[in-house]
Amino acid sequence: MPPLTARQRAGLTVALSLAVFMNVLDLAIANVAIPQLAGELGTSADQGTWVITSFAVSAAIAMPLTGWLGRRYGEVRVFLVCTAMFTLASLLCGLSSNLAMLIAMRAIQGVFAGPMIPLSQSLLLNNYPDDRKSLALALLMMVTIVAPVLGPILGGWITDNWNWAWIFYINVPVGIVATLLTAALLRGRETPTARVPADFVGIGLLALGIGSLQIMLDRGKDLDWFGSAAIVALGGVALVALAFFVAWELTEEQPAVDLSLFARRNFTAGTLALCLGFGAYFGNIVLLPLWLQTQMGYTATWAGLASAPVGLLPIALVALIARYTSGIDLRWITTSSLCAFGAASFWFAGFNSEVSFPMLAWSRFAQGVGLALFFVPLMSIVLSGLPPGRVASASGLANTLRTLAGSFATSLTTTWWDRREALHQAHLSESITLFNSPAQGQTAFATLERSIVQQAYMLATNDLFWLWGWIFPRADLSRLVRAAAVQRRRHPRGGRLKIATLIEGNR
């Protein structure tokens, strides 16, 4: 069939971006609705968090199976089914009358959410000409950047003014448009399929290992980590299941997950940098709203607004970056991104509890410089040199590991934050006794105690931003220098990892 016209490519970009936006937004938007949702369904907020956990677990299991599903049934068909079923599950989530039904619908929603992002990347790249692939990838990455930022704001506004069910109902019209538009534009453009046998053992080990790991990460802090027998059991099951999974997949003739991708230096180095950088970034976008709401008196909406400026520069610059950096070594772009992240983290680490809203917003705006340069170069490195038939597998595996890195970052961030607060509170309290004049009187002592707790959390927040400031520059793996070895042999004159040459595939 003839290639898509420029107008058709624009329509396809919109359709796939809507699906990705709906997918990524759904996880972020649900977080702020848990208290209202739990109250209306007659359950505790702690039990309500299973609404988030069930989605995350099922999505993490389904995502690495994207490549196998695409080879077996066709990438277009799988994407359309997943988007349509995700939309239907969203409707059923909103109609749920009790917590058990809502958790079940969220699990179903997660199963179909998993393959959507990797397949959207694969379908977009496969239908764009070589000289436009970087722009297509940049536009899609912009959506994954903006959705987590808008999620808390939109979720807070909906729950404050409407009802929690509407955080799911808003997916319905978006999902219908994305499904119908994609189906119309990609009619007759199905990818090649083959009778690939189902690797039931690999799929079972993957589900057991990833599911146990994800639940352990989501519930660890609430259950006191390895002080809990349940967490120890989950950790043991995850370790054993994933070890057997790796051994099985490496020896299986038709594996469910293509682990041979790690034999490619660009994929391994790019994925490692992606996970480290995204983990550090995700940790601070989790911590900032949490600190603002629990210690600084911000509402969910205002905490979201304070975080939102991080997405402004990527929106404004992503197309320009994709267009004008095609001749620049991708490793330098990635290094610049991570250094910008680190500088913004060090800036925030110097704040105190008197910091103003404009100062918070400006610090997040500055972090947007790093975010604008982050995803596109790294995903270009991850997918470099791959033939079209392996793009979905590579994207699915890389995005799975990125998602798990975000889960690790969330768990570690909230745990370390509380423990550093306890340490700082102990240090600040050492010089305060009932015999000190500032502490005399019950009211004065209570006020002083609140102030100590607030300052302790402020110092704990600063500690984590200092940590991230050191982690970001070290995530570039300069380290991506070695990742260029294969590319340098193919292009001995320059040896540069450039967007224009990376996504062309092996020809």
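Values in this document were obtained by computation on a predicted structure and should not be read as measured data. (Residues numbered from 1 in each chain as written. Predicted model: local features only at pLDDT ≥ 70, side-chain atom pairs only at ≥ 80, totals over all residues. Heavy atoms only, no water.)

## A word on the pattern of salt bridges
Okay, so step 1: In total, this model carries four salt bridges according to the counting rule given.
Okay, so step 2: A salt bridge links Arg-390 to Asp-258; the shortest N-O distance between them is 2.7 Å. Placement of Arg-390 in helix 20 (residues 388-429) and of Asp-258 in the loop between helix 13 (229-251) and helix 14 (265-295) is noted, with a sequence separation of 132 residues between them.
Okay, so step 3: The partly exposed category is assigned to Arg-390, whose relative accessible area is 25%.
Okay, so step 4: For the salt bridge of Asp-463 with Arg-420, the shortest nitrogen-to-oxygen distance reads 2.9 Å. Taken together, the residues span a long stretch of sequence, with Asp-463 in helix 21 (residues 442-474) and Arg-420 in helix 20 at a distance of 43 residues.
Okay, so step 5: Overall, the relative accessible area of 24% leaves Asp-463 in the partly exposed class. (Salt bridge = Lys/Arg side-chain N within 4 Å of Asp/Glu carboxyl O. Helix = DSSP H or I, 4+ residues; strand = E, 2+ residues; numbered from the N terminus. Buried < 20%, exposed > 50% of the residue type's maximum accessible area, 1.4 Å probe, protein only.)

## Comments concerning the nonpolar core
Okay, so step 1: Core analysis: the largest hydrophobic core is formed by 71 residues, its most contacted members being Tyr-281, Trp-291, Leu-292 and Leu-360.
Okay, so step 2: It is helix 14 that provides the largest number of residues to this core, a total of 11 residues.
Okay, so step 3: Excluding its chain neighbours within four sequence positions, the residues that come into contact with Leu-292 are Gly-297, Tyr-298, Ala-303, Ala-306 and Leu-360.
Okay, so step 4: Ranked by size, the runner-up nonpolar core spans 48 residues in total, among them Val-24, Phe-86, Leu-119 and Ala-178. (Core = buried A, V, L, I, M, F, W, Y, C linked by side-chain atoms within 4.5 Å. Contact = heavy atoms within 4.5 Å.)

## A closer look at the packing of helix 12 (residues 200-219) against helix 13
Okay, so step 1: Running from N to C, helix 12 and helix 13 point in directions that differ by 150°, and their axes come no closer than 8 Å. Like other packed secondary-structure pairs, helix 12 and helix 13 cross with a definite hand, here left-handed. Mapping the contact onto sequence places Val-201, Gly-202, Leu-205, Leu-206, Leu-208, Gly-209, Ile-210, Ser-212, Leu-213, Ile-215, Met-216 and Arg-219 in helix 12 and Ile-231, Leu-234, Gly-235, Val-237, Ala-238, Ala-241, Leu-242, Phe-244, Phe-245, Trp-248 and Glu-249 in helix 13.
Okay, so step 2: Looking at the contact of helix 12 with helix 13 residue by residue, the classes come out as 17 nonpolar, four polar and two charged. (Axes fitted to C-alpha atoms, helices over the stretch in contact; angles between N-to-C directions. Left-handed = near helix turned anticlockwise from the far one by under 90°. Nonpolar A, V, L, I, M, F, W, Y, C, P; charged D, E, K, R; others polar.)

## Details of the side chain of Gln-214
Okay, so step 1: Within the secondary structure layout, Gln-214 lies in helix 12.
Okay, so step 2: Judged by relative accessible area, which is 1%, Gln-214 ranks as buried.
Okay, so step 3: Here Gln-214 is in contact with Ala-56, Val-57, Ala-60, Leu-404 and Ser-407, once residues within four sequence places are set aside.

## Points about the packing of aromatic side chains
Okay, so step 1: Scanning the model with the defined rule gives 20 aromatic pairs in all.
Okay, so step 2: Ring geometry for Tyr-281 and Phe-341: centres 5.7 Å apart, planes at 40°, overall tilted. Highlighted residues: Tyr-281 in helix 14 and Phe-341 in helix 17 (residues 330-349), separated in sequence by 60 residues.
Okay, so step 3: Stacked on the ring of Tyr-128, the Lys or Arg Arg-9 has its end atom at 5.5 Å from the ring centre.
Okay, so step 4: Here the guanidinium or amino end of Arg-402 rests over the ring plane of Phe-278, the centre of that ring lying 4.9 Å away. (Phe/Tyr/Trp six-rings, centres within 6.5 Å; stacked < 30°, edge-to-face > 60°. Lys NZ or Arg CZ within 6 Å of the ring centre and 35° of its normal.)

## A word on the confidence of the model for the protein chain
Okay, so step 1: On average, residues of the protein chain carry a pLDDT of 80, and 86% of them reach 70 or more.
Okay, so step 2: Low confidence marks residues 478-507, where pLDDT is under 50. Its contacts with residues over four positions away, or in another chain, come to 73 contacts. (pLDDT = per-residue confidence, 0-100.)

## A look at unusual backbone geometry
Negative phi characterises most residues that are not glycine, and trans characterises most peptide bonds.
Okay, so step 1: Despite not being glycine, Asp-224 has its phi angle at roughly 65°, a positive value.
Okay, so step 2: Note that Asp-224 resides in the loop between helix 12 and helix 13.
Okay, so step 3: Of note in this structure, Trp-225 is not a glycine but carries a positive phi near 45°.
Okay, so step 4: Among the secondary structure elements, Trp-225 is positioned in the loop between helix 12 and helix 13.
Okay, so step 5: Overall, the relative accessible area of 11% leaves Trp-225 in the buried class.

## What about helix 13?
Okay, so step 1: The end-to-end C-alpha distance of helix 13, which contains 23 residues, comes to 33 Å, matching closely the 33 Å that a straight helix rising 1.5 Å per residue would cover.
Okay, so step 2: All buried positions along helix 13 are accounted for by Ile-231, Gly-235, Ala-238, Ala-241, Phe-245 and Glu-249.
Okay, so step 3: On the buried face of helix 13, the contacting elements are helix 12.
Okay, so step 4: Near the N-terminus of helix 13, the side chain that reaches the backbone nitrogen of Ala-230, with its oxygen 3.2 Å away, is that of Ser-228. (Expected span 1.5 Å × (residues − 1). Polar contact = N/O pair within 3.5 Å; in protein donor to acceptor, adjacent residues only side chain to side chain.)

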